[in-house]
Amino acid sequence: MRIVALAGGIGGARFLRGLLAAVGPQDEITVIGNTGDDIHLYGLKVCPDLDTVMYTLGGGIHEEQGWGRTDETWSIKAEMKEYGVGPEWFGLGDRDFATHLVRSQMLTAGYSLSQVTEALCVRWKPGVRLLPMSDDRVETHVRITDEQGTRAIHFQEYWVKLHAAVDAEAIIPVGADTAKPAPGVLEAIADADVILLPPSNPVVSIGTILSVPGIREAVAAAPAPVVGLSPIIGGAPVRGMADKVLAAVGVEATAEAVALDYGSALIDGWLVDTADRDSVAAVEAAGIACRAVPLLMTDVEATAEMARAALALAEQVRT
């Protein structure tokens, strides 16, 4: 099988680890990673979602956090603080700094983000082909209103610094309207046997990937079945604060509402957790095949079972 997955950060990376455990060595997995979370810090290009996928699948992730490197130290951050250079709210560990230094040097030398990502993966050997959604600069911003008035801030500031404590009024993928899919992205989608939407944030992860002109259209037109897994269980996000950004785009934080927002023009199948089995009928009434299965990624085997269920639903849809 040739499997394509659109993935954000922690949820997407952990699902991909289960997917790798569920398929055979002959199967090919291409991951189209979100780069809307990318940010420039200390003069360096930081790609949180690409790195989380790379570290998780390559065995270097900090398991408890779900992001950053294992066995991390923080000497550089401490020294930067002594110089009065911020931001203090975004943590880059010493090992992580090395990745961003290499990436930034290569980009400055004229390599594309796709080429840089491929080079970084030579070290990590994630077992998948990891492609950025675009080589062009795209950054997700959030419009908020607080004591400083109405303004747009980078998604990382909203998520990490403010902890989404302020209502999000709008989500703006800055630069997405003029971006182009990275080399290989549209070809991978067109050649796929199965396309999966892991339980990543549907607005700022998968939604941002789909906002790049040509990607949503390619997924919708692909001959392969498209199956998504709900990131919402029992009316709440499994991890993170997806409900905050769903509200900003007028979508209720339920498994059913997220499926209907993707729509039958985009997805053919949808998995909900057993806690949301009552939503199966409504999703199917909208023309989307739906099944209720356990969706908590408690360990690799539980996640592999989720991946098997998604692939089985894809096969049912196909036939």
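In this text the structure is predicted, and so the values were computed from the model without any measurement. (Residues numbered from 1 in each chain as written. Predicted model: local features only at pLDDT ≥ 70, side-chain atom pairs only at ≥ 80, totals over all residues. Heavy atoms only, no water.)

*Asks:* I tried to follow the nonpolar core on my own but got confused; where do I start?
*Replies:* Looking at soluble globular proteins, one finds that nonpolar side chains tend to be buried together. One finds Leu-6, Tyr-158, Ile-189, Ile-195, Ile-215, Tyr-262 and Trp-270 to be the most contacted residues of the largest nonpolar core, which totals 55 residues. Considering every element that reaches this core, the biggest residue donor is helix H11 (residues 255-262), with five residues. (Core = buried A, V, L, I, M, F, W, Y, C linked by side-chain atoms within 4.5 Å. Buried < 20%, exposed > 50% of the residue type's maximum accessible area, 1.4 Å probe, protein only. Helix = DSSP H or I, 4+ residues; strand = E, 2+ residues; numbered from the N terminus.)

*Asks:* Quick question: what am I supposed to make of the environment of His-141 here?
*Replies:* Residue placement: His-141 occurs in strand E6 (residues 139-146). Residues His-141 and Ser-205 lie 64 residues apart in sequence; the distance between their C-alpha atoms is 12 Å. Excluding its chain neighbours within four sequence positions, the residues that come into contact with His-141 are Ile-153, His-154, Phe-155, Ala-170, Ile-171, Ile-172 and Val-174. Engagement of the side chain of His-141 in a polar contact is seen with the side chain of Glu-139, the distance being 3.4 Å. (Contact = heavy atoms within 4.5 Å. Polar contact = N/O pair within 3.5 Å; in protein donor to acceptor, adjacent residues only side chain to side chain.)

*Asks:* Would you explain the environment of Tyr-262 in this entry?
*Replies:* When you line up the elements, Tyr-262 lands in helix H11. Not counting residues up to four positions away in its chain, the partners in contact with Tyr-262 are Leu-197, Pro-202, Ile-206, Leu-210, Arg-216, Ile-267 and Trp-270.

*Asks:* Sorry if this is basic, but what is going on with the sheet that holds strand E7 (residues 149-154) here?
*Replies:* Paired through backbone hydrogen bonds, the strands of a sheet run either parallel or antiparallel to each other. Sheet architecture is open: three strands sit in the order E7-E6-E8, paired in antiparallel fashion. The strands lining the two open edges of the sheet, one partner per strand, are E7 and strand E8 (170-174). For this sheet the average axis-to-axis angle between neighbouring strands, irrespective of direction, equals 30°. Of the strand pairs in this sheet, E6 and E7 are connected by six bridges, and their pairing is antiparallel. (Pairing = 2+ DSSP bridges. Axes fitted to C-alpha atoms, helices over the stretch in contact; angles between N-to-C directions.)

*Asks:* Help me understand the sheet that holds strand E5 (residues 129-132), please; the structure alone is not making it clear to me.
*Replies:* Read across the open sheet, the seven strands follow the order E5-E2-E1-E9-E10-E13-E14; overall the sheet is parallel. Each having just a single partner strand, E5 and strand E14 (289-292) make up the two edges of the open sheet. Shown here is a sheet whose adjacent strand axes are inclined to one another by a mean of 20°, direction ignored. Relative to strand E13 (residues 269-272), strand E10 (residues 226-229) runs parallel, the two being bridged by three bridges. Residue Leu-229 lies in a different strand from E13, and its bridge partner there is Leu-271. On top of the sheet, helix H1 (residues 10-22) reaches strand E1 (2-7), strand E2 (28-33), strand E9 (194-197) and E10; it is set at about 165° to E1, its chief contact.

*Asks:* Hey, could you run me through the pairing of E6 in this one?
*Replies:* Walk down a regular strand and you will see the side chains alternate between the two sheet faces. Burial analysis of E6 places six of its eight residues in the buried class, the great majority of the element. Bridge count between E6 and E8: five bridges; the pairing is antiparallel. Among the inter-strand pairings, Glu-139 is bridged to a residue of E8, identified as Val-174. Taking the residues that link successive antiparallel strands as the turn, the E6-E7 hairpin has two residues.

*Asks:* Just to check I follow, could you spell out the packing of aromatic side chains for this structure?
*Replies:* We describe a pair of aromatic rings using the distance from one ring centre to the other and the angle between the two ring planes. If you walk through the whole model with that rule in mind, you get five aromatic pairs. Consider the rings of Tyr-42 and Phe-97, whose centres lie 5.7 Å apart with planes at 40°: the pair is tilted. With a gap of 55 residues between them, Tyr-42 in the loop between strand E3 (39-41) and strand E4 (44-46) and Phe-97 in helix H4 (residues 94-108) connect regions that are remote in the sequence. Classification of Tyr-42 as partly exposed rests on a relative accessible area of 24%. Overall, the relative accessible area of 6% leaves Phe-97 in the buried class. Sitting above the plane of the Tyr-55 ring, Arg-69 keeps its charged end 5.5 Å from the centroid. (Phe/Tyr/Trp six-rings, centres within 6.5 Å; stacked < 30°, edge-to-face > 60°. Lys NZ or Arg CZ within 6 Å of the ring centre and 35° of its normal.)

*Asks:* Is there a simple way to think about the environment of Arg-17 in this case?
*Replies:* Looking at where Arg-17 falls in the secondary structure, it is placed in helix H1. For Arg-17, a relative accessible area of 23% puts it in the partly exposed group. Sequence spacing of Arg-17 and Gly-127 is 110 residues, and the spatial spacing of their C-alpha atoms is 9.4 Å. In contact with Arg-17, other than residues within four places in its own chain, are Thr-56, Leu-57, Glu-63 and Val-300.

*Asks:* What exactly am I supposed to notice about helix H5 (residues 113-124) here?
*Replies:* Owing to its 3.6 residues per turn, the α-helix brings residues three or four apart onto one side. Between its terminal C-alpha atoms H5 stretches 16 Å, which fits the 16 Å expected from 12 residues at 1.5 Å a residue. Here H5 has its buried residues at Leu-113, Ser-114, Val-116, Thr-117, Leu-120, Cys-121 and Trp-124. Within H5, the buried residues cover an arc of 160° as seen down the axis, which keeps them to one side. H5 presents Glu-118 and Val-122 as exposed residues on the side facing more than 90 degrees away from its buried surface. Buried residues belonging to H5 abut helix H2 (48-58), H4 and E5. (Expected span 1.5 Å × (residues − 1). Arc of directions from axis to C-beta.)

*Asks:* How do you make sense of the side chain of Arg-69 when you look at a structure like this?
*Replies:* You can see Arg-69 is positioned in the loop between H2 and helix H3 (75-82). Glu-72 is the oppositely charged side chain nearest to the buried, salt-bridge-free Arg-69, at an N-O distance of 5.9 Å. A distance of 3.4 Å separates the side chain of Arg-69 from the backbone oxygen of Gly-60, its partner in a polar contact. With sequence-adjacent residues up to four places away left out, Arg-69 is seen in contact with Tyr-55, Gly-60, Ile-61, His-62, Arg-95, Asp-96, Arg-123 and Trp-124. (Lys, Arg positive; Asp, Glu negative; His and termini not counted. Salt bridge = Lys/Arg side-chain N within 4 Å of Asp/Glu carboxyl O.)

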